Structures are given as structure tokens and as C-alpha cells.
Amino acid sequence: MINYSIKKDPATNIDFITLENGTLKATFLNFGARMYEFFAPDKNGLSENIFLSIQPKYLLDDPAQFGALVGPVAGRIKKGQWKEHQFELNNGQNHLHGGSKGWWNQFWDYQVEEHEKSISVTFKLIDTSSGYPGPIKISNTYELTTDAIIMTTHCISDQDTIVNPTNHVYFNLSGNAKRDITSHILQINARKLLETDTELIPTGQVLPVAGTPYDFSKGNSLKEALIKIPAGIDDAFWLDDKSPQIILSEQESGRRVTISGNRQAVVVFTATGLDLDLPMTFGDNMHSQAGIALETQELPDIVNHPEWGSIDLKNSEEKVFQTIYQVTTF
Ligand code: GAL
């Protein structure tokens, strides 16, 4: 059954837009074009939230981009410089996630559309706040099918600029975050990883993952990986040209999320060290390894490494990015 409802939270003025299709129910927000909650059945048919969701009153001060569409450029840009432009330095000496006025921290317009077999919400923004050349016009659609959320982002600008959006949702497939991500298995179809310096800026070296704890090509336990990488994973994997790109699963709930799309890389962030005084809807505070962000994007700091590709958005050019999050049980 296809259905939707909209509720405004009077304290924050944020609209909570809930779409339903069959056994799936997902809530999106007009603040940050966010994915907020995603209720999906476990292997026994029990429907629970597989995203980390912070309590609504904390959303306007969210320090960790929960579920948000991050842009114009996700990740870090060294010293915040691109050509003659200086972007905000909001992460030490560097620029992160489009800055403090990035897309994740702005209110968007939106429209819900019912289709024959799916339902979607399209968020629209004309970005004049981030400080990037533009304005960049963005349309970001989340389409809920009977087994997936399909995220499609269109970007166009009146001036030459750069775009590298991602969604920063934290997954936890145990259901209402009752177990940490150490109970999960992660598979990434990537043979290469970017080396980073102490400020998490890519050094330019591209390293093979084979024989290291970063080799997730066969599906590895995050518990075992995090024992070998105690500082946590906050790294960019260069995806192989293969679909699907990423599979996250949890044995006990029998839930699996399969990610595919047209992006070059994924930044995996295990939220290690993110022990915050920030209550989630389940009661717990946000803490290390409560969730895992799988941020599909082009490689970070690519403006300083043209040999890896380009995130240029030329005047009047349109770029379309897509990521599909399919949920199944096993
Ligand atoms: C990640 C980033 C982390 C941290 C986090 C905060 O994408 O790689 O270093 O900044 O976002 O949301």
C-alpha cells in the first residue's frame, strides 16, 4: 500500500515527511534534505528503524550530518581552496562537508509524488549560503519502492563550480540500534584505498587493500576489522566498476542493505570517537560504533588530484548522481 503523511515539528519548524510502500516506511526532512528514519522488516517480519535518528529538538544543531544530503562537496578540501576560491575552514585548517552552511544545514522546498508502484519526495534548493560559486540549483529525489530507497541528485549552476554530494546516513541494521555495528558484516567491492595524513587529507597515495584489514571484498566482520583498526574507519575506498558496490548485513536480524549507483568511491565512517551528548530516538546517546556511514561520492579532495577525476560543474551543465539502497532479508 502506498501512502504518505506530513507533520511539522513546532519547536524546529522541520517537516517530517513519511512515505510508505508495502512493508517499508521512511521519513525524510526538509531540513538538510535528510533521510531520518527507515523502518524495514527483519527476517521474522518485525519492522524496526535501520537508521540512527537523533531526537528532533537536536536536529538544528546536529554536529554529525545524520541522514543529511551533504554538499556542495562532501569530505575535506585541503585548506578549503579551489582555484581562486577560499571556502570556509570549518575543520581545523580544512573545509569539510560544504561548510557550516552546507546543504545539510539548510531548509529545502519539497514535493511528494505518488506513482503507480512507488512514492517519492523531491527536495529543491537554490544554494546561495554555502559560499560556493553559483547559485547551484539542486533537486534531490528519494523514491521509495517496495524494496529500496533510490536517491537521485540533479545539480546545475549559473557559474563554473564544483559538486560532490553524498548522503551521510548512519546505518544500524540490528533494528532501533539495539546492537552496535560490531555485529555487522561489511562487503565493499574495492581494491584500493586512499592514504590520508593526520588531518584526514588524502596524501595522493592510492594503496591496495589486499592483505590489510581494509580488504572487505569478501565480506568481513566489522568487529574483527575494528579490533585491527582501533582508531576506527574513516577512509575513502575507490570502488571497482562493479554492481552492487557495497553490502552491509547483520546475521541476527537477517537484514541486508545492498548499495549500488554511479559513484566512484565510498567514504566509510564507523563513528569511532563520536561519543556525544546527543540523544537518539531510541533513548541511547550517540556513541562510537553506534552506526556506520557509507558515503557514496567521488574521491575526496579530488580538486587537488585531477588524475583521479573531476567534480567540476560547468556553467549550465547538469550532473546527475544516483545511489540505490536496497533492503532485503536473508
Ligand atoms: C565523516 C568524516 C568524518 C567526520 C564525520 C562527521 O564523513 O569523514 O571525519 O567528520 O563525517 O559527520
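As shown above, the structure is provided for reference.
Every chain begins its residue count from 1, and numbering advances along the sequence as written. This being a predicted model, a pLDDT of at least 70 is required before a residue's local features are given, and a value of 80 or more before pairs of side-chain atoms are given or counted; all residues contribute to the totals for chains, interfaces and linings. Derived side-chain values reflect all non-hydrogen atoms in the structure, with water molecules and hydrogen atoms excluded from consideration.

A. Molecular detail of the overall build of the protein. Numbering of helices and strands starts at the N terminus; helices are DSSP runs of H or I of at least 4 residues and strands are runs of E of at least 2. Scanning the protein from terminus to terminus reveals one helix and 28 strands. In terms of principal-axis extent, the alpha carbons of the protein reach across some 55 × 45 × 40 Å. Out of the 330 residues in the protein, the part that is buried amounts to 56%. Long-range contacts, defined as pairs at least 24 residues apart, comprise 66% of the intrachain contacts of the protein with a sequence gap of at least 6. When the accessible surface of the protein is split by element, carbon and sulfur atoms take 47% of a total near 13,500 Å². For the purpose of charge, His is not counted, nor are the chain termini; Lys and Arg are scored as positive and Asp and Glu as negative. By convention, the point assigned to a charge is CZ for Arg, NZ for Lys, CD for Glu and CG for Asp. Here the protein holds 27 positive side-chain charges and 41 negative ones, and the gap between their average locations is 3 Å. Each residue is placed in one exposure class: buried if its accessible area under a 1.4 Å probe, protein chains only, is under 20% of its type's maximum, exposed if it is over 50%, and partly exposed if it falls in between. Any pair of residues with heavy atoms lying within 4.5 Å of one another is described as a contacting pair. Accessible surface area values rest on a Shrake-Rupley calculation with a 1.4 Å probe, where residue burial reflects the displayed protein chains alone.

B. Spatial organisation of the pattern of salt bridges. Whenever a carboxyl oxygen of Asp or Glu lies within 4 Å of a side-chain nitrogen of Lys or Arg, that contact is scored as a salt bridge. Applying the stated criterion across every chain yields a total of 10 salt bridges. Between Lys178 and Glu48 there is a salt bridge, with its nearest N and O atoms 2.9 Å apart. Taken together, the residues Lys178 in the loop between strand S17 (170-171) and strand S18 (184-188) and Glu48 in strand S5 (residues 47-49) connect sequence positions 130 residues apart. Take Lys178: its relative accessible area is 49%, and that puts it in the partly exposed class. For Arg191, the salt bridge identified is with Asp240, shortest N-O distance 3.2 Å. Placement of the pair is Arg191 in strand S19 (residues 190-196) and Asp240 in the loop between strand S22 (234-239) and strand S23 (246-250), with a sequence separation of 49 residues. Each of Glu48, Lys178 and Arg255 takes part in a single network of salt bridges with overlapping partners.

C. Seen up close, the site of the ligand. Residues are counted as near a molecule or strand when any one of their heavy atoms sits within 4 Å of it. In the vicinity of the ligand, the contacting residues are Ala64, Gln65, Arg76, Leu96, His97, His168, Tyr170, Leu200, Asp234, Phe269 and Glu295. Polar contacts, as used here, are pairs of N or O atoms within 3.5 Å; protein pairs need one atom able to donate a hydrogen and one able to accept it. Residues neighboring in sequence count only if both atoms are side-chain atoms. His168 places a polar side-chain atom, nitrogen or oxygen, 2.9 Å from an oxygen atom of the ligand. Here an oxygen atom of the ligand sits 2.8 Å away from a polar atom, N or O, in the side chain of Glu295. Burial of the ligand by the protein chains amounts to 90% of its free accessible area of 300 Å².

D. Highlighting the side chain of Asn30. Along the chain, Asn30 turns up in the loop between strand S3 (24-29) and strand S4 (34-41). Residue classification places Asn30 among the buried positions, given a relative accessible area of 6%. Polar contacts involving the side chain of Asn30 include one to the main-chain amide nitrogen of Asp15, which spans 2.8 Å. Discounting residues that sit within four places of it in the chain, Asn30 has contacts with Asn13, Ile14, Asp15, Ile17, Gln106, Phe107, Trp108, Tyr110 and Phe123.

E. Just the sheet that holds strand S2 (residues 14-21), in detail. Here the rule is simple: two strands pair whenever DSSP picks up at least two bridges between them. A sheet is described by the order of its strands in space; here five strands give the open sequence S1-S2-S3-S4-S5, paired in antiparallel fashion. The open sheet has two edge strands with one neighbour each: strand S1 (2-9) and S5. Pairs of neighbouring strands in the sheet enclose a mean axial angle of 20 degrees, with direction left out of account. In this sheet, S2 lies alongside S1 in antiparallel orientation, the contact comprising eight bridges. Following the sheet pairing, Tyr4 is matched in S2 by Leu19. In this analysis an axis means a line fitted to C-alpha atoms, helices contributing only their contacting stretch, and an angle means the value between N-to-C directions, from 0 to 180 degrees.

F. Quick peek at the sheet that holds strand S25 (residues 265-269). Pairing in this open sheet of six strands is antiparallel, and the strands run S17-S26-S25-S22-S19-S20 from one edge to the other. The open sheet has two free edges, formed respectively by S17 and strand S20 (202-208), since each of these has just one partner strand. As judged from the four bridges shared by S19 and S20, these two strands associate in the antiparallel manner. Bridging from a neighbouring strand, Leu194 pairs with Val206 of S20.

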